[in-house]
Amino acid sequence: MTKYIFIIFLLSSVTNASDVFNMTFLGTGTPRPNIEKLGPSLLIKNQDQQILIDIGRGTSLRLSQIGNDYSNINEIYISHFHFDHVIGLADFWLTSNLWQKKSDTFVYGPIGVNAFCKNIMDTYKMDLKYRYKDRKYSKLNCFSFKNKKSVLNEEKISIQSFANDHGHIDNSYGFKIKYKGKNIVYSGDTTLSENVIKNAKGADILIHEIFASSKKIFKSNKKLREVASTHTTLDQMISVLKQTNPKLTILTHALLFGINENDVLKVIEENYNGDVIFAKDLMSVDIGKEINIFNLEVLDEK
Ligand SMILES: [Zn+2]
Ligand SMILES: [Zn+2]
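What you are looking at is a predicted structure, and each value in this text was computed from that prediction instead of being measured.

A description of the coordination of the zinc ion (ligand 2) should follow, citing residues and the corresponding values.
Protein coordination of the zinc ion (ligand 2) is provided by His-80 (NE2), His-82 (ND1), His-166 (NE2) and Asp-189 (OD), with donor distances spanning 2.1 to 2.4 Å. The site at the zinc ion (ligand 2) holds four donor atoms, and with the angles between them running 92 to 161°, its shape is irregular. Taken in chain order, the donor set of the zinc ion (ligand 2) reads H-x1-H-x83-H-x22-D. Between the zinc ion (ligand 2) and the zinc ion (ligand 1), a separation of 3.5 Å is found, and both are coordinated by Asp-189. Here His-166 lies in the loop between β7 (158–163) and β8 (173–179) and His-80 lies in the loop between β4 (73–77) and α2 (89–98), a separation of 86 residues in the sequence. With respect to class, His-80 is no different from His-166; both count as buried.

Quick look at the structure:
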């Protein structure tokens, strides 16, 4: 049996269902394995569309936990090719066929995405041969952002990529997600990025990565200082918030060393007035006239 726990963040009034879209954090983690925080992945949906932004470790498991059989997820956007953001793609694709997904999945990503998909399909060709013989199975159709035709349609969720600044990574992107006049900005993995700031000004929701550590650990660990240089430090985050002032900011992909989420929020509160929270796996957000947050926790009845 599945039971849902609803925690209302802001009280809502009655809104037309088609005007509301929803996002669920399937994974809020980093490359480090953590059962509470699986790899980065965000499910965005309205009544007709279901889209994944990044597809990290365990995305398939989280989808299964919320009763999603993948059959309507036809678009996946990849922010960059660090493995924590893409390692779930093969699992998603192979399992979707096992569950008889009829339609191909369109994957959009940085240059190289086409080869990446071809390699996945090639790697698993033995399994496909055994399982499907001459029968049809759905494919991964992959396009780099440069080759993506974008058709503006007010009735559809639109996703626009923009370059961010992830240090040594050449092709790394954030996304602007728009639907019916509302917009969400997803920073991707990035250090302080003028492009993120430009896109996130006045956003309804800013989803942003963060790095923070205690002074002691930071001073004594060179590797950590290198990691910090490709991510957004607490000081940089405060600067981003002051310049963009989103209605709500949700921190995710948090690299925290010797400091916890409450410590981070306390420092932010001392320096910035807006609403800032940390994402949790299975946290779900309705975006319409108001923003409503609830936790989609699946509890097995024993
Ligand atoms: Zn990452
Ligand atoms: Zn990365």
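Kindly report on the coordination of the zinc ion (ligand 1), identifying the contributing residues and their values.
The zinc ion (ligand 1) binds to the protein through Asp-84 (OD), His-85 (NE2), Asp-189 (OD) and His-253 (NE2), with metal-donor distances spanning 2.1 to 2.2 Å. Viewed at the metal, the four donor atoms of the zinc ion (ligand 1) are separated by angles of 88 to 170°, and the geometry they form is irregular. Between consecutive donor residues of the zinc ion (ligand 1), the sequence gaps follow D-H-x103-D-x63-H. Asp-84 sits in the buried class, given a relative accessible area of 5%.

Any chance you could break down the packing of α2 against helix α3 (residues 113–123) for me, citing the residues and the numbers?
Axis separation between α2 and α3 bottoms out at 11 Å; the angle between their running directions is 55°. Comparing the axis directions of α2 and α3 gives the class oblique. The hand of the α2/α3 crossing is right-handed. Contacts between α2 and α3 involve Leu-89, Ala-90 and Trp-93 on the former and, on the latter, Phe-116, Cys-117, Ile-120 and Met-121. Considering only residue class, the contact of α2 with α3 consists of seven nonpolar, no polar and no charged.

Please give an account of the sheet that holds strand β5 (residues 105–109) that cites residues and values.
Here eight strands make up an open sheet; going across it, the order is β6-β5-β4-β3-β2-β1-β13-β14 and the pairing mixed. Each edge of the open sheet is held by one strand with a lone partner, namely β6 (140–144) and β14 (291–295). Neighbour to neighbour, the strand axes of the sheet diverge by 20° on average, direction disregarded. Where β5 and β6 come together, five bridges link them in parallel fashion. If you follow Tyr-108 over to β6, its bridge partner there is Phe-143. Across the sheet, α2 touches β3 (50–53), β4, β5 and β6, and the angle it forms with β4 is around 170°. Taken strand by strand, α3 contacts β5 and β6, and its axis lies near 160° from that of β6.

Give a detailed account of the nonpolar core, specifying residues and quantitative values.
One broad trend across soluble globular proteins is that nonpolar side chains are buried collectively. If you look at the biggest cluster of nonpolar residues, it comprises 29 residues, and the most contacted ones within it are Met-23, Ile-53, Ile-177, Ile-205, Ile-250 and Val-285. Tallying contributions element by element places β8 first for this core, with four residues. If we skip the residues at most four places from it in the chain, Ile-53 touches Ser-41, Leu-42, Ile-44, Tyr-77, Ile-159, Phe-175, Ile-177 and Tyr-186. Within the second largest apolar cluster, 28 residues are counted, among which are Leu-26, Ile-76, Cys-117 and Met-121.

Conventions adopted
- Residues numbered from 1 in each chain as written.
- Chains lettered and ligands numbered in written order.
- Predicted model: local features only at pLDDT ≥ 70, side-chain atom pairs only at ≥ 80, totals over all residues.
- Heavy atoms only, no water.
- Donors = N, O, S within 2.8 Å, 3.2 Å for Na, K, Ca; no water.
- Tetrahedral: all angles 85-135°; square planar, octahedral: opposite > 155°, others 65-115°.
- Helix = DSSP H or I, 4+ residues; strand = E, 2+ residues; numbered from the N terminus.
- Buried < 20%, exposed > 50% of the residue type's maximum accessible area, 1.4 Å probe, protein only.
- Axes fitted to C-alpha atoms, helices over the stretch in contact; angles between N-to-C directions.
- Parallel < 35°, antiparallel > 145°, perpendicular 65-115°, else oblique.
- Left-handed = near helix turned anticlockwise from the far one by under 90°.
- Contact = heavy atoms within 4.5 Å.
- Nonpolar A, V, L, I, M, F, W, Y, C, P; charged D, E, K, R; others polar.
- Pairing = 2+ DSSP bridges.
- Core = buried A, V, L, I, M, F, W, Y, C linked by side-chain atoms within 4.5 Å.

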